[in-house]
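# Structural overview for review
This is what each chain is made of:
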Amino acid sequence: MKYYLKPIDETLSDLGTGLSGLSTAEAEKRLSENGKNKLAEAKKESIIHMFFRQLADPMIIILIVAAIISAVIAITQKESFADVIIIGVVVILNAVLGVYQENKAEKAIEALQQMTAATSKVIRDGVLRVVKSEDLVVGDVIVLEAGDSVPADARIIECASMKAEESALTGESVPVNKTVMTLSAKEDGNVPLGDRTNMVYMGSTIVYGHGKAVITAAGMDTEMGKIADALTQADEGKTPLQIKLAELSKILTYLVIGICIIVFAVQVFKDSNFINELKNGEFKPVINMLMIAVSLAVAAIPEGLATVVTIVLSIGVTKMSKRNAVIRKLTAVETLGCTQIICSDKTGTLTQNKMTVVREFCSDSKLLAIAMALCSDAQIGESGEAEGEPTENALVNYANKLGYNKTEYDKTQKRVGEAPFDSMRKMMSTIHDNGDSYIQYTKGAPDEVLKKCTRILKNGTVRPITDADKAEIAEQNRSMADDALRVLSAAYKTYDTLPADFEAKAIENDLIFLGLYGMIDPVRPEVKDSIEECRRAGIRPIMITGDHINTAVAIAKELTIISDASQALTGAQLDRIPDEQFRRDVVKYSVYARVQPEHKVRIVNAWRGLGRITAMTGVGVNDAPSIKAADIGVGMGITGTDVTKNVADMVLADDNFATIVTAVEEGRRIYDNIKKAIQFLLSSNLSEVVSVFTATMIGFTLLKPVHLLWINLITDCFPALALGMEKSESDIMGRPPRDPKAGIFSGGVGFDCVYQGLMVTVLTFIAYMTGHMLEGGAFEFVDSPDGMTMAFLTMSMAEIFHSFNMRTVRKSIFTLKNQNRYLIGAMVLSLILTTAVIYIPGLNSAFGFTSISFVEYAVAMGLALTVIPIVEFVKLIQRAALKHKKK
């Protein structure tokens, strides 16, 4: 029901209540029928469910099947359980890391609950009582005073200069003056949330005055309840990297199954007695087939990929936290790196959320400052800053800045009377003891104050005010308002004796005009440069605010977000645009004013509907649904509400918009490095698959499953992790955002994986044959201990040396000016471990290796090292081809 459009008596009648409130019995009845005045809790996924969901990944399922097959073979053939144990550890470790990565606790609803008032003052049975806020019901009459949190949505029925801080809900940076007057509907039959001045809403705070209100909505039916419901319904979706890795997982799964089918068919074709052996109970052919399947599964699946990606992201997260960007979801890092749109709230994000006097028009600056400060209820706190209503804080802080400390002036000009602010008069007055006389200060809306002035202070002299004076004042007022400043005026007069009547009509007349103050919530000083850098990086900033359109346009122009007011749109205008048309027109607008939460979600979804990776920054509760709906949500750590921070994927610890630019650069670096690691791991796994498949077709064992697991987890993982530590390239912020639709194999990565994988395969076969011949064998592919050991060493070290090639995808590694000490350390560690597994007695026998000679070792190492000149030569050709293509 739109109670803001109804008179008070009709509202009370509709709600079945009166000015004396509900009876206790009626309140208890409604509570039992409608439930508590609290927000519903969202269902949370259990840790166990999350763990088993990780095991449902196709690659993991293949590994589990491989482990079961290995276990069956180990039991029936009385062989080692090494393969089973290693595969099991890989599966469990991957699942645990996945749970850790995705365990983003849903604390948004809890934070919303904490924001509501614990107890409230309510009139029941005609008596003022204090009850738990959760026990309030529709129809209860609540009493509100400055400092109270509003416990539910309510229609105001009594109001004495009451103001409510609603920025967390509406984005309005200035507290809203409240009234009991019935509102008139707009053209669409509605009134925007920020303009419903006769309503108060759950989660807002009374900052000035007092009043009474009748509850019209409680619990999940409130505006905040709708936000809470939106939070539970928003689809989190997957990041681009998650989608690509899921696609890769399916591809590798189909590859393994396909290769196993081919191998099975070939083996059956080659072994004419295969069927007869099965009929006679001979399962050795089946066991051989299963061992080959396990080998192929282990070879094809990059077991360390998920672990490497998670750890690289974790390291990046740690680095970002040191630069004030706190990541709450690991995979959100790479999403930020390809962000194309940043939808930012204005209040507290682009601006300081702190009203400040920026312009004045007066003849006596000192007297104007003192008048504005003393005619305010804000006081200077222990921090040295004013505490109170934001606008009055600005006045007191400005006077203090000029050297006129309100605390000291309160002692010399003690307040002895006042006419409180009233939204009808739009002004307030205070009277002070000035020693041998009394002085009155009046401040308020310029038009209203000017009506009460008959004189003006000009150049140190008080004289009658003229039409020319009024015209000049009106022009100054209009100039400030055009610049989106909030304008206040001040006047004064003196008394020989204390007035007997402090009523406004008795004292607010025959005033002496002092001057005007223009105030604004100023932009953060670092934001303009940050937005400019975003543009250079190909990122488009969008301002979304609940503030008035004139203010939003002025701020946006100052920040160069827009160049013309036609690029701005109000929430009311947006309501009149159909979804289909808005999806086409969304590119026209960069500023949205007077919007409500559902508008923000609609804007975010429109950009996402165009395929743009969209980020949303914000502070208040009103930002939470859109933050969750965006590809990446960015909350503010200092001024942000708990709701926003708990929904956000990233929180800026310093509330600095510039930190976003740093995060974008880090996100791009991390994604580049992850892509290098993926290319490195896939080319390595391709070499293993081709090697095992080819050896199987020929009819000999090149490497066993445990060898491949060692290479994948020990030899490959450390260099892959070291690649994740590579520094960003110099032009990383000069590139446009990465196309989110681009596959993992785009940009020539697929070709690189293939030729690099085949290169290692050829070198491995050469090593195998060399080892077999050096131990006295003929030039033939048969099982050979020396050949297997040399093949293992060559493949392991070739992949380690190849990791150095991957430091840069196209440039020569010899042109890089910095060294990756982590990669050097990984090479040394892998070399030591690989050598140890070959030569340490007991360990080598467990792996089926033999202690090869120094010559064999040197030949294997030499073959492995050739991957660097080969790849350098290919890169040279690729660079020349790219240069020719550009020409």
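First, a word on scope: everything that follows refers to the structure included in this document. (Residues numbered from 1 in each chain as written. Predicted model: local features only at pLDDT ≥ 70, side-chain atom pairs only at ≥ 80, totals over all residues. Heavy atoms only, no water.)

Turning our eyes to something else, we now look at the overall build of the protein chain. For the protein chain, the count of helices and strands is 36 helices and 25 strands. Within the span of the protein chain, comprising 887 residues, buried residues form 53% of the whole. In the protein chain, once contacts between residues fewer than 6 apart in sequence are set aside, the share between residues at least 24 apart is 73%. Counting only carbon and sulfur atoms, one obtains 57% of the accessible surface of the protein chain, whose full area is about 37200 Å². (Helix = DSSP H or I, 4+ residues; strand = E, 2+ residues; numbered from the N terminus. Buried < 20%, exposed > 50% of the residue type's maximum accessible area, 1.4 Å probe, protein only. Contact = heavy atoms within 4.5 Å. Areas by Shrake-Rupley, 256 points an atom, 1.4 Å probe, with all protein chains shown as cover.)

What follows covers a nonpolar patch on the surface. Together, Ile75, Phe81, Ile85, Val89 and Leu93 make up a nonpolar patch on the protein surface, roughly 480 Å² of accessible area in all. With 3 residues, the top contributor of residues to the nonpolar patch is helix α5 (residues 82–102). Inspection of the secondary structure puts leucine 93 in helix α5. (Patch = residues over 30% accessible without salt bridge, like charges linked within 9 Å, V, L, I, M, F, W, Y side chains within 5 Å. Salt bridge = Lys/Arg side-chain N within 4 Å of Asp/Glu carboxyl O.)

So, about the nonpolar core. Residues Ile561 and Met650 are the most contacted members of the largest nonpolar core, which totals 81 residues. If one sorts the elements of this core by residue count, helix α28 (residues 658–698) sits on top with 11 residues. Not counting residues within four places of it along the chain, the set of residues in contact with methionine 650 comprises Met320, Ala325, Val326, Ile327, Arg328, Leu336, Gly633, Val634, Gly635 and Ala663. Of all hydrophobic cores here, the second largest spans 41 residues; its members include Ile800, Ile813, Val837 and Val874. (Core = buried A, V, L, I, M, F, W, Y, C linked by side-chain atoms within 4.5 Å.)

Bringing unusual backbone geometry into the picture now. Phi at asparagine 324 takes a positive value of approximately 75 degrees, unusual for a residue other than glycine. Secondary-structure assignment places asparagine 324 in the loop between α12 (305–321) and β8 (325–327). On the basis of relative accessibility, which here comes to 31%, the residue asparagine 324 falls in the partly exposed class. The backbone of alanine 484 sits at a positive phi, close to 65 degrees, despite the residue not being glycine. For alanine 484, a relative accessible area of 8% corresponds to the buried category.

Another aspect to go through is helix α3 (residues 47–55). Looking only at α3, the buried set comprises Met50, Gln54 and Leu55. Take α3 and look down its axis: the buried residues cluster within an arc of 145 degrees, on one side only. Opposite the buried face of α3, by more than 90 degrees, sit the exposed residues Ile48 and Phe52. (Arc of directions from axis to C-beta.)

Time to look at the pairing of strand β19 (residues 511–520). Counting buried residues along β19, 10 of its 10 residues qualify, which places the element largely inside the surrounding structure. Here strand β16 (residues 453–458) runs beside β19; their pairing, made up of 3 bridges, is parallel. Across the sheet, residue arginine 455 finds its bridge partner in β19, namely isoleucine 512. Note that strand β18 (residues 486–495) and β19 share 7 bridges and pair antiparallel. Its bridge partner being in β19, leucine 488 is matched across the sheet by tyrosine 517. (Pairing = 2+ DSSP bridges.)

It is worth spelling out the pairing of strand β13 (residues 414–422) at this point. Inspection of the sheet shows β13 paired to strand β14 (residues 427–433) by 6 bridges, in the antiparallel sense. Bridge pairing links aspartate 422 to methionine 427 in β14. Taking the residues that link successive antiparallel strands as the turn, the β13-β14 hairpin has 4 residues, and the phi of lysine 426 there is positive, at about 60 degrees.

Another point: the pattern of salt bridges. Within the structure shown, the criterion is met by 37 salt bridges. For lysine 451, the salt bridge is made with glutamate 448, and the minimal N-O distance between the two is 3.4 Å. Separated by 3 residues within a single helix, lysine 451 and glutamate 448 lie in helix α18 (residues 446–451), roughly one turn from each other. A cluster of three or more residues bridged by salt bridges with shared partners is formed by Lys6, Glu10 and Asp14.

Running from N to C, α28 and helix α32 (residues 785–805) cross one another at 155 degrees; their axes reach a closest spacing of 10 Å. Compared by their axis directions, α28 and α32 come out roughly antiparallel. Considering only the axes of α28 and α32, their crossing is right-handed. Facing Phe680, Ser683, Ser684, Ser687, Glu688 and Ser691 of α28, the residues of α32 in contact are Met795, Glu799, His802 and Ser803. (Axes fitted to C-alpha atoms, helices over the stretch in contact; angles between N-to-C directions. Parallel < 35°, antiparallel > 145°, perpendicular 65-115°, else oblique. Left-handed = near helix turned anticlockwise from the far one by under 90°.)

Residues Glu187, Asp188, Asp575 and Glu598 make up a contiguous surface patch of negative charge. Its location among the elements puts aspartate 575 in helix α23 (residues 571–575). Overall, the relative accessible area of 43% leaves aspartate 575 in the partly exposed class. (Lys, Arg positive; Asp, Glu negative; His and termini not counted. Charge placed at Lys NZ, Arg CZ, Asp CG, Glu CD.)

Right, let's get into the environment of arginine 612. Checked against the element boundaries, arginine 612 lands in the loop between α25 (597–609) and β23 (614–618). On the basis of relative accessible area, arginine 612 is assigned to the partly exposed category, the value being 31%. In contact with arginine 612, other than residues within four places in its own chain, are Gln340, Ile341, Trp607 and Asp631.

The mixed open sheet is built from 8 strands, whose spatial order is β8-β25-β24-β23-β9-β20-β22-β21. At either end of the open sheet lies a strand with only one pairing partner, and these are β8 and β21 (568–570). This sheet shows a mean twist of 20 degrees between the axes of neighbouring strands, independent of strand direction. Where strand β24 (residues 632–636) and strand β25 (residues 650–652) come together, 3 bridges link them in parallel fashion. Counterpart to glycine 635 in the pairing with β25 is valine 651.

This paragraph deals with the environment of alanine 552. Along the chain, alanine 552 falls in helix α22 (residues 549–558). Not counting residues within four places of it along the chain, the set of residues in contact with alanine 552 comprises Lys346, Met543, Thr545, Val591 and Ala593.

Our focus in this paragraph is the packing of aromatic side chains. Considering all chains together, one arrives at 14 aromatic pairs under this definition. Arranged with centres 6.4 Å apart and planes meeting at 85 degrees, the rings of tyrosine 404 and tyrosine 409 form a pair that is edge-to-face. An identical accessibility class is assigned to tyrosine 404 and tyrosine 409; each is buried. Ring geometry for phenylalanine 765 versus phenylalanine 781: centroids 5.8 Å apart, planes at 75 degrees, classification edge-to-face. (Phe/Tyr/Trp six-rings, centres within 6.5 Å; stacked < 30°, edge-to-face > 60°.)

Along an α-helix, a turn takes 3.6 residues, which lines up residues three or four apart on a common side. With 26 residues, helix α31 (residues 749–774) ought to run about 38 Å at 1.5 Å a step, and its terminal C-alpha atoms sit 37 Å apart, in line with that. After α31 finishes, the residue glycine 776 shows a positive phi value of roughly 105 degrees. (Expected span 1.5 Å × (residues − 1).)

Geometric values such as these leave the question of function open.
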